[in-house]
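Chain by chain, the residues run as shown.
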Amino acid sequence: MSLLIVCCFISLNHGQDMDKLTLGIQNAVEKEEIRAAVLATYDNGETVIHGFGHVSSSTTDVPDGDTIFEIGSITKVFTAILAQVLVDAETLNWDDPISKHLTEIEFASPDVAAITLKELATHTSGLPRLANNMQPEDALDPYADYDQTALHEFLGGFQPQVLTKQPAYSNLGMGLLGHILGKAVDMSYPDALRHFVLEPLALSSTSATYEGLITANIATGSSNGADMPRWTFDVIAGAGAILSNAEDLLRFIAHACTVNPKNEVQSLQKTLMVDEGQHPLAWQVLTTSNNEQIFWHNGGTGGYATFMAVDPVNNKGWVLLTSSTEYTSVTDIGLNMASRDESEEVKVNLAPYVGVFELIPEFYFTISESDGKLFAQATGQGKFPLTFSGKALEFKYDAAQIQIRFDDLIDGQSPGFEIIQAGQSNKTKRVSDDLGIQEREEIEVSEEALLSYVGKYELAPQLIIDVTARDKQLYIQLTGQPALPVFATSKDRFFYKVVDAEIQFQRDGETVSSLTLYQNGEHVAPRIE
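Residues numbered from 1 in each chain as written. Predicted model: local features only at pLDDT ≥ 70, side-chain atom pairs only at ≥ 80, totals over all residues. Heavy atoms only, no water.

1. Regarding the overall build of the chain
Let me state the cut-off plainly: For the purposes of this entry, the term helix denotes a DSSP run of H or I that reaches at least four residues, the term strand denotes a run of E that reaches at least two, and both are numbered from the N terminus. Only C-alpha atoms enter the radius of gyration; for comparison, a globular chain is expected to reach 2.2 Å times N to the power 0.38, where N is the number of residues. Remark: exposure states derive from per-residue accessible area (1.4 Å probe, protein chains only) relative to the maximum for the residue type, with buried under 20%, exposed over 50%, and partly exposed in between. We call two residues contacting when some pair of their heavy atoms lies within 4.5 Å. What sets the accessible areas is the Shrake-Rupley method with a 1.4 Å probe; for residues, cover comes only from the shown protein chains. His is not counted here, nor are the chain ends, while Lys and Arg score as positive and Asp and Glu score as negative. The location of each charge is read from NZ of Lys, CZ of Arg, CG of Asp or CD of Glu.
Secondary structure assignment for the chain yields 12 helices and 27 strands. The C-alpha atoms of the chain give a radius of gyration of 24 Å, which matches the 24 Å a tight globule of 529 residues would have. By principal-axis analysis of the C-alpha atoms, the chain measures approximately 70 × 60 × 50 Å. Looking at the chain residue by residue over its 529 residues, the buried ones come to 54%. In the chain, 59% of the contacts between residues at least 6 apart in sequence involve partners at least 24 apart. Taken as a whole, the chain presents about 23300 Å² of accessible surface, with 45% of it coming from carbon and sulfur. Positive and negative charge centroids in the chain, built from 34 and 72 side chains respectively, lie 3 Å apart.

Below is the structure:
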């Protein structure tokens, strides 16, 4: 079992103007869904930057174009550019097998040894999302102590029955590419990136390490009002280590749109070229209603959610940087901006759809309305925004390819709805609102009490819940997922704000001996440390 996180943010219809967009982000700031946000656009050389919220919990300073954020997996775009620079310089070849550059590893699998650099850059290597020997000492900084020894150990012993070369997103693969690139020029990844990419592109506020950055310019990571510590990286820095600001990313977009580029800018633009039947280098591709290609990537670290997109044909680009853990919906906002569908927004009376609907026994959808927008939240999951599809009674959530078709109204209310996802259709029926997700009231807990919960709890073999406390805040991390803050409702009882889940700690006398995760049932985890 795993902790399913579907994030809630704000819902946008395609074609909404900047005023409506900025109002929506401001509302999210007021609800503490985000603490700081910078929205920036590039249009044929013209740039606009908007700042929202506060840089940290201890200041009223509003973030601006100079404010630095962790950009997470947008780093992968820069790693692909570094690779292209070295390929163009004939230092490397895209068809090089990884074994050519990792001669110190004795590979148990010849298929793993034969993985190419191009396959790493296009997420077609067959490597898993993360290595199974990642066991972070600090759950709030999960990549900091994953070093070269651990990476080489994993690669040497990895023996999949079949190394599937279908597209599958891999942090491990892109991190490995960054490691190989640094080795090829006898530098660390941050130094190689700075020398071959950042300095030539004049991105002076962008770095793959916190060292040398002006601390006062860095927004503090945040999740629903709680501070989130910084993430640092070792050997797989190429997967997500970069920090940047809106000014630099707008400059990056301008390079991407430059006509007749030279040198490193030309290498950058090569990553924006997709041959028919080929996968792009690092980028994701959105095809618009006009059959145009927009290149985009999102990012998320412990306390930051980000988005960047480039439309090189129309000379446009978009950047959204936030201190927030609302990863999915930041991407949803970015894609809505970039797709530029000019259809008019249709006003819909949402009241008939608000309520609780049963899918199967003890599994419900709570449909709610906030700021004129409709949201859905299933038992044990997080909220997601619904937008009107243009057809009567029908709403959708494009990011997860969900359609919801409400039944015809009876006495002013819809008695149920059909939910369609991945070709499967299921019916719900309206039930009592008391069965839906209820508001929880947060209480303050002493630092001494929080420390009593700190430890590791085994939910299942190789599935550990790591509980940590820092600065009067409790955080919980499930193996393979980011650490998230939880908030107390009573002694020993805590809840998540980003997902419908609760934690109850059990005691043997005064000592905490186990916990129970309440999410789609009860899951007991004895304390092992």
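2. Thoughts on the sheet that holds strand S13 (residues 373–378)
Working definition: the strands of a sheet are paired by backbone hydrogen bonds and lie parallel or antiparallel to each other. This is how it is decided: At least two DSSP bridges between two strands are required for those strands to pair. Angular values range over 0 to 180 degrees, each being the angle between N-to-C directions of two axes fitted as lines to C-alpha atoms, with helices fitted over their stretch in contact.
If you trace the nine strands from one edge of the open sheet to the other, you get S18-S17-S16-S15-S14-S13-S12-S11-S19, paired in antiparallel fashion. A single partner strand is all that each edge strand has here, and the edge strands are strand S18 (424–427) and strand S19 (429–431). Between one strand axis and the next, the sheet turns through 30° on average, direction left out of account. Pairing of strand S17 (residues 417–421) with S18 involves four bridges; the strand directions are antiparallel. Bridge assignment links Ile420 to a residue of S18, and that residue is Ser425.

3. What about the pairing of S17?
When strand S16 (residues 402–406) meets S17, the two strands line up antiparallel, connected through five bridges. Of the residues in S17, the one forming a bridge with Ile402 is Gln421. Two successive antiparallel strands, S17 and S18, enclose a turn made up of two residues, where Ala422 displays a positive phi of approximately 50°.

4. Notes on unusual backbone geometry
The backbone phi angle of Asp471 is positive, close to 50°, even though this residue is not glycine. Mapped onto the secondary structure, Asp471 falls in the loop between strand S21 (463–470) and strand S22 (473–478). Here the phi dihedral of Asn520 falls at roughly 55°; this positive angle occurs in a residue that is not glycine. Tracing the backbone through its elements, the reader meets Asn520 in the loop between strand S26 (511–518) and strand S27 (522–526). A relative accessible area of 44% means that Asn520 is categorised as partly exposed.

5. Structural notes on the side chain of Thr122
This is how the line gets drawn: In protein, a polar contact requires one atom able to donate a hydrogen and another able to accept it; more generally it is a pair of N or O atoms within 3.5 Å, and residues adjacent in sequence count only if both atoms are side-chain atoms.
Position of Thr122 relative to the elements: it lies in the loop between helix H5 (117–121) and helix H6 (148–157). Polar side-chain contacts of Thr122 include one of 2.8 Å to the backbone oxygen of Lys118.

6. Topic: the packing of aromatic side chains
Aromatic rings considered in pairs are described by the distance between their centres and by the relative angle of their planes. Heads up, the rule is: Ring pairs shown here join Phe, Tyr and Trp side chains whose ring centres sit within 6.5 Å, with only the six-membered ring taken for Trp; geometry is labelled stacked below 30 degrees between planes, edge-to-face above 60, and tilted in between. Geometrically, a lysine NZ or arginine CZ counts as sitting over a ring once it is within 6 Å of the ring centre and also within 35 degrees of the ring normal.
Summed over the entire model, instances satisfying the criterion amount to 24 aromatic pairs. Geometrically, the ring pair formed by Phe395 and Phe406 is edge-to-face, given 5.8 Å between the ring centres and 90° between the ring planes. Of this pair, Phe395 sits in strand S15 (residues 394–397) while Phe406 sits in strand S16, and the two are 11 residues apart along the sequence. Each member of the pair, Phe395 together with Phe406, is buried. Directly above the aromatic system of Phe375 lies the positively charged group of Lys383, at a separation of 5.9 Å from the ring centroid. The side chain of Lys497 reaches across the aromatic face of Phe487, ending 4.1 Å from its centre.

7. A word on the packing of helix H2 (residues 75–88) against helix H8 (residues 189–198)
What counts is decided by this rule: Here the word oblique covers every angle except those under 35 degrees (roughly parallel), over 145 (roughly antiparallel) and from 65 to 115 (roughly perpendicular). Rotating anticlockwise by less than a right angle from the far helix to the near helix defines a left-handed crossing, while the corresponding clockwise rotation defines a right-handed one. For this classification, the nonpolar set comprises Ala, Val, Leu, Ile, Met, Phe, Trp, Tyr, Cys and Pro, the charged set comprises Asp, Glu, Lys and Arg, and every other residue, Gly included, is treated as polar.
For the pair H2 and H8, the least separation of the axes is 10 Å and the interaxial angle reads 70°. Considered as vectors, H2 and H8 are oriented roughly perpendicular to each other. Handedness of the crossing formed by H2 with H8: left-handed. Residue-level inspection shows Thr75, Phe78, Thr79, Ile81, Leu82, Val85 and Leu86 of H2 in contact with H8, the latter providing Tyr189, Ala192, Leu193, Phe196, Val197 and Leu198. When its residues are assigned to classes, the contact of H2 with H8 shows 11 nonpolar, two polar and no charged.

8. Examining the nonpolar core
We apply this condition: In these notes, a set of buried Ala, Val, Leu, Ile, Met, Phe, Trp, Tyr and Cys residues joined through side-chain atoms within 4.5 Å is what counts as a nonpolar core.
With 87 residues, the main nonpolar core has Phe78 and Ile98 as its most contacted residues. Among the elements that make up this core, the one with the highest residue count is H2 (nine residues). Residues Val445, Val486, Phe494 and Ala525 belong to the second largest nonpolar core, which totals 25 residues.

9. As for the environment of Asp311
Considering the arrangement of structural elements, one finds Asp311 in strand S9 (residues 305–311). By relative accessible area, Asp311 is classed as buried at 0%.

10. Quick notes on the pattern of salt bridges
Our working rule: We define a salt bridge as a contact between a side-chain nitrogen of Lys or Arg and a carboxyl oxygen of Asp or Glu at a distance within 4 Å.
One pass over the structure, following the stated rule, counts 18 salt bridges. With a shortest N-O distance of 2.8 Å, Lys456 and Asp466 are connected by a salt bridge. Here Lys456 is found in strand S20 (residues 455–460), whereas its partner Asp466 is found in strand S21, with 10 residues between them in sequence. In this structure, Asp492 engages Arg507 in a salt bridge whose closest nitrogen and oxygen atoms are separated by 3.0 Å. Remark: Arg507 occurs in strand S25 (residues 502–508) and Asp492 occurs in the loop between strand S23 (484–490) and strand S24 (493–495); sequence separation between them is 15 residues. What you see here is one network of salt bridges that share partners, running through Arg440, Arg493, Asp500 and Glu502.

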